[in-house]
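# Structure assessment
Listed below, chain by chain, are the residues.
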Amino acid sequence: MTPGSNFDDRLHDWFEDGPTDAPGQVLDTVLAAVPSIPQRRAGWRVPRRISPIFGFARALAGVAIAVGLGTAFFFVLRPTPGGVGGEASPSPSAAIIAPPTATESQAATASASAPASTAVAPCGLANLEARITLWEGAAGHRIAHVELTNTGFDACVIQAKARPQLVDGNRSILIDGSSPAAPNPFLTVGAAGVLKTLVQDGNYCGPAPVAPVSVAFVLADGSHVLATPFSPTDATVPPCLGSGSKADIEMQPWAP
């Protein structure tokens, strides 16, 4: 057997096995066959058949191509760590979150520091105006209809109840009520807003009052809101039901 035929047989067997790498025997055979392949001097005329050196070069090029293709198929079809077969399992990608802009950061800070509701200042005495719109009687009692107006330009808050008093024209207290019990929530009064209440008093057995008789409201801080009387000559007081009984006065909570 000649070196050329031995090389061809080994090359044929290697291609039949579908290799992914060139075996050492093939390379050894190629290197051993190089010195024994006859060389021909090139002439001016191109020979009609391919010389052995060109056949060897073609075979060697085929080996190189086969090795390259085998290597490419190996990397394409090799199993990946995440699965079996030629298709690679997708690896989780880290989500890239863009940093907030300056406007977004300021908005978030303002939202976190803002109170749950907008703070409204307490109503000042200068912006509160009360007046009696009507007196009516009921079973030994007198009931005053009172309106409270916020004359200011801004909304303010006031507690739902105060301590009511029945007073005369000299600001003398005819009947003194009790301080409101808890809970005593705050009400918001808008600019030019009006709240209403009913004040009921009974069992006045004192001296004749000086007109005009009116109603006052003692706030939590001790200040007074005096209602404008129903008329300048009004001296309405509840009837005396017994000198041994205590006079009383109470108010309903302010309401729109």
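Above: the structure in question.
The present account deals with the structure reproduced in this document. (Residues numbered from 1 in each chain as written. Predicted model: local features only at pLDDT ≥ 70, side-chain atom pairs only at ≥ 80, totals over all residues. Heavy atoms only, no water.)

## Some points on the pattern of salt bridges
Here the structure, examined in full by the defined rule, presents two salt bridges. A salt bridge links Glu 147 to Arg 131, with the shortest nitrogen-to-oxygen separation between them at 3.5 Å. You can see Glu 147 sitting in strand 2 (residues 141-150) and its partner Arg 131 sitting in strand 1 (residues 128-138), a full 16 residues away along the chain. The residue Asp 176 makes a salt bridge to Arg 163 at a minimum N-O spacing of 3.3 Å. (Salt bridge = Lys/Arg side-chain N within 4 Å of Asp/Glu carboxyl O. Helix = DSSP H or I, 4+ residues; strand = E, 2+ residues; numbered from the N terminus.)

## Description of the state of the cysteines
Overall, the coordinates contain two disulfides when judged by the stated rule. The partner cysteine of Cys 123 in its disulfide is Cys 156, sulfur to sulfur 1.9 Å. Torsion about the S-S bond of the Cys 123 and Cys 156 cystine: about 85 degrees, corresponding to right-handed handedness. Here Cys 156 lies in strand 3 (residues 156-159) and Cys 123 lies in the loop between helix 4 (102-113) and strand 1, a separation of 33 residues in the sequence. In this pair, the class of Cys 123 matches that of Cys 156, namely buried. Covalent S-S linkage joins Cys 205 and Cys 240, the inter-sulfur distance amounting to 1.7 Å. In this structure the cystine formed by Cys 205 and Cys 240 twists about its S-S bond by roughly 90 degrees; its chirality is therefore right-handed. On the criterion of sequence distance, the pair formed by Cys 205 in the loop between strand 7 (194-202) and strand 8 (214-218) and Cys 240 in the loop between strand 9 (224-226) and strand 10 (248-251) is long-range, its members being 35 residues apart. Exposure remark for Cys 240: the relative accessible area of 42% places this residue in the partly exposed category. (Disulfide = S-S within 2.5 Å. Buried < 20%, exposed > 50% of the residue type's maximum accessible area, 1.4 Å probe, protein only.)

## Description of the layout of surface pockets
Taken as a whole, the largest pocket encloses approximately 310 Å³ of empty space. Around the largest pocket sit 20 residues that line it, and Ile 158, Gln 159, Leu 219, Ala 220 and Asp 221 are the ones nearest its centre. When residues in the lining of the largest pocket are grouped by element, the largest group, three residues, is from strand 3. Residues belonging to the lining of the largest pocket are distributed by class as follows: twelve nonpolar, five polar and three charged. (1 Å grid on protein atoms, 1.4 Å probe; cavity = no way out; pocket = protein on both sides within 12 Å on 5 of 7 lines; lining within 4 Å. Points joined across faces, edges and corners; volume = space filled by probe spheres on them. Nonpolar A, V, L, I, M, F, W, Y, C, P; charged D, E, K, R; others polar.)

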